[in-house]
Amino acid sequence: MKLSSIRNRIIAALFMLFVWWVLSLAYPPLIIPDISAVAEKLVQIISDKDTTKEAGRTLVRLLAGLFFGMATGGAAGYVCGVCKTCRELFKPVLGVLQVVPPVALLVLAIIWFGFNGKPAVVIAAVSVFPITAITVQEAILHIDRKLVEMGKVFKYTKKQQLFLITWPSIKPRFYSGLRIALGTASKTVVMGEVLTTSTGIGGQIVTARLNIEPETIIAWTVISVCMYYLLDATVNLLFPSRRT
C-alpha cells in the first residue's frame, strides 16, 4: 500500500473521530456516546472470551452466504455471458432481485427456516447473487475476441481457453464484483442476525438495544467493520496485482 494512501486513510479516520467528538458534546450520551465510553466498552468486549465465539458465528454465516451467492451468481453469469437466449430470459430475474427489498426476502426466509440464523445466510446469498451474475456476465461479454480467435488458431483445449484467456480477461471485473459483494454481504448478514437470532454480532446488537446501551452497539459495529476489512485484505492477497 502506498504511503500517501495510508496517510489519507489516517486523515479520514481522524476527521470522523473529530466529527464524532463534536456531536458527543452537543448531544446526550444516550444519543451520541462519548468516544472514551465506546473505547472502554470495545476493550471490555474484546477481553470477553465469548466475543470470539459470537464473531465467529457471524463470520461463518457471512462466508456461507458469500460462497453460495457467488457460486450460483458466477455460474448464472457465465451461462448468460455465453448464451444470448439465456441472457434475455434471465434479465428480468436479475432486475427483480436487484430491486426487491432485502427485508421482504428476509421475512420469507424466516417463514422457511425459522429464527435460527439461517435466514441471515439466505439474505446475504440473495443479495450477492445479482451482483456476481451481472459482473461475470459483463466480463464474459467484454472478452477480447482477438484472444478467442488466437486460441482457436493455436487449437487451445477448453481447459487452456479457460485458464489462459477467459479467467485472465474476467479477473479484474470479478475482483471488483467480489469487493462489492463482500461489502453487501457484511451488511446484510448482520441485519439478518438482528432480526432472526440472538447470536452473532447482530444478536449482541439486539441485546445492547434492549439494554439501551448505544456505546455497546457502536462497539460491536466497530468489530463488524474490522471483520470486513480483514476479509477485504484477504481478497487483496488473492489479487496482488490489483492491490493499492
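What you see is a predicted model; the values in this text were computed from it and never measured.

**Student:** Explain the overall build of the protein here, please?
**Tutor:** From N to C terminus, the protein includes 10 helices and zero strands. Counting from the amino terminus, helix and strand elements in the protein follow one another as α-α-α-α-α-α-α-α-α-α. With the principal axes as the frame, the protein shows a C-alpha extent of 70 × 50 × 35 Å. Total accessible area on the protein stands at roughly 14,700 Å², and carbon and sulfur atoms take up 69% of it.

**Student:** Where do I start with the UniProt feature "domain: ABC transmembrane type-1" (unreviewed entry) in the protein in this structure?
**Tutor:** Under the UniProt annotation, the feature "domain: ABC transmembrane type-1" (unreviewed entry) is placed at residues 55–239. Between the end C-alpha atoms of residues 55–239 the distance is 26 Å, and the span holds 89% helix and 0% strand.

**Student:** Got a minute to help me understand the nonpolar core in this structure?
**Tutor:** Counting 25 residues, the largest nonpolar core has L66 and I201 as the members making the most contacts within it. Contact partners of L66, with chain neighbours within four places excluded, come to V128, A181, L182 and A185. Membership of the second largest hydrophobic core comes to six residues, among which are A139, I140, I143 and I165.

**Student:** What should I look at first to understand a nonpolar patch on the surface in this one?
**Tutor:** Side chains of F15, M16, F18, V19, W21, V22, L23, L25, Y27, L30, I31 and I212 sit close together on the surface and give an oily, nonpolar patch of about 1,300 Å² of accessible area. Structurally, L30 can be placed in the loop between α1 (3–26) and α2 (35–47). Relative accessible area serves as the criterion here: at 61%, L30 is assigned to the exposed category.

**Student:** Sorry, what's going on with the packing of helix α6 (residues 118–141) against helix α8 (residues 158–196) here?
**Tutor:** Any two packed helices are characterised by the angle at which their axes cross and by the distance between the axes. Here α6 crosses α8 at 160°, and the two axes come no closer than 8 Å. In terms of orientation, α6 lies roughly antiparallel with respect to α8. Two packed elements cross with a definite hand, and for α6 against α8 that hand is right-handed. A per-class count over the contact of α6 with α8 returns 16 nonpolar, nine polar and three charged.

**Student:** Which parts of the structure should I look at to understand unusual backbone geometry?
**Tutor:** As a rule of thumb, non-glycine residues mostly have phi less than zero, and peptide bonds are mostly trans rather than cis. In this structure, I212 takes a positive phi of about 55° despite not being glycine. Secondary-structure assignment places I212 in the loop between α9 (200–210) and α10 (214–238).

**Student:** Please clarify how the UniProt feature "transmembrane region" (unreviewed entry) in the protein should be interpreted in this entry.
**Tutor:** Per the UniProt entry, the sites bearing "transmembrane region" (unreviewed entry) are residues 59–81, 93–115, 121–141 and 217–239 in this numbering. The span residues 93–115 shows a helical share of 83% and a strand share of 0%, and its end C-alpha atoms are spaced 27 Å apart.

**Student:** How should I be thinking about the packing of helix α3 (residues 50–82) against α9 in this particular structure?
**Tutor:** Put simply, α3 and α9 touch, their axes get as near as 6 Å, and they point 130° apart. It follows from the interaxial angle that α3 and α9 lie oblique. Judged by residue contacts, E54, A55, R57, T58 and R61 of α3 engage G200, I201, G202 and Q204 from α9. Residues that form the contact of α3 with α9 fall into these classes: two nonpolar, four polar and three charged.

**Student:** Any chance you could explain α8 here in plain terms?
**Tutor:** An α-helical turn contains 3.6 residues, so a residue and the one three or four places further along point in the same direction. Counted at 1.5 Å a residue, the expected span for α8 with its 39 residues is 57 Å, but the 45 Å between its end C-alpha atoms falls short. Along α8, the sharpest kink reaches roughly 45°, centred on K171 and followed within four residues by the proline P172.

**Student:** Is there a simple way to explain the confidence of the model for the protein in this structure?
**Tutor:** Close reading of the predicted structure is inappropriate where its pLDDT is low. Per-residue pLDDT for the protein averages 88, and the proportion of residues at 70 or more is 97%. α9 holds the highest mean pLDDT among the elements of the protein, 94, whereas helix α7 (residues 145–153) holds the lowest, 81.

**Student:** What's the story with the pattern of salt bridges in this structure? I'm lost.
**Tutor:** Side chains bearing opposite charge may pair, as long as their charged atoms lie close to each other. In total, this model carries three salt bridges according to the counting rule given. Between D232 and R179 there is a salt bridge, and its shortest N-O distance comes to 2.8 Å. Of this pair, D232 sits in helix α10 while R179 sits in helix α8, and the two are 53 residues apart along the sequence. Classification of R179 as partly exposed rests on a relative accessible area of 29%.

**Student:** Can you walk me through helix α4 (residues 84–99) in this structure?
**Tutor:** Taking 1.5 Å of rise per residue, the 16 residues of α4 would be expected to cover 22 Å, and the 23 Å separating its terminal C-alpha atoms lies within 8% of that figure. Helix geometry: α4 is bent most strongly at F90, by close to 40°, with proline P92 lying one to four residues after it.

**Student:** Just to check I follow, could you spell out the packing of aromatic side chains for this structure?
**Tutor:** If you walk through the whole model with that rule in mind, you get five aromatic pairs. Taking the centre distance of 5.5 Å and the plane angle of 70° together, the rings of F67 and F68 count as edge-to-face. Overall, F67 belongs to the exposed group, its relative accessible area being 55%. Here the aromatic rings of W167 and F174 are separated by 5.6 Å at their centres, their planes lie at 65°, and the arrangement is edge-to-face. On the basis of relative accessibility, which here comes to 22%, the residue F174 falls in the partly exposed class.

The rules behind these values
Residues numbered from 1 in each chain as written. Predicted model: local features only at pLDDT ≥ 70, side-chain atom pairs only at ≥ 80, totals over all residues. Heavy atoms only, no water. Helix = DSSP H or I, 4+ residues; strand = E, 2+ residues; numbered from the N terminus. Areas by Shrake-Rupley, 256 points an atom, 1.4 Å probe, with all protein chains shown as cover. UniProt positions renumbered as here; feature names shortened; annotations may be inferred. Core = buried A, V, L, I, M, F, W, Y, C linked by side-chain atoms within 4.5 Å. Buried < 20%, exposed > 50% of the residue type's maximum accessible area, 1.4 Å probe, protein only. Contact = heavy atoms within 4.5 Å. Patch = residues over 30% accessible without salt bridge, like charges linked within 9 Å, V, L, I, M, F, W, Y side chains within 5 Å. Salt bridge = Lys/Arg side-chain N within 4 Å of Asp/Glu carboxyl O. Axes fitted to C-alpha atoms, helices over the stretch in contact; angles between N-to-C directions. Parallel < 35°, antiparallel > 145°, perpendicular 65-115°, else oblique. Left-handed = near helix turned anticlockwise from the far one by under 90°. Nonpolar A, V, L, I, M, F, W, Y, C, P; charged D, E, K, R; others polar. Expected span 1.5 Å × (residues − 1). Bend = angle between axes of the 7 residues up to and from the residue. pLDDT = per-residue confidence, 0-100. Phe/Tyr/Trp six-rings, centres within 6.5 Å; stacked < 30°, edge-to-face > 60°.

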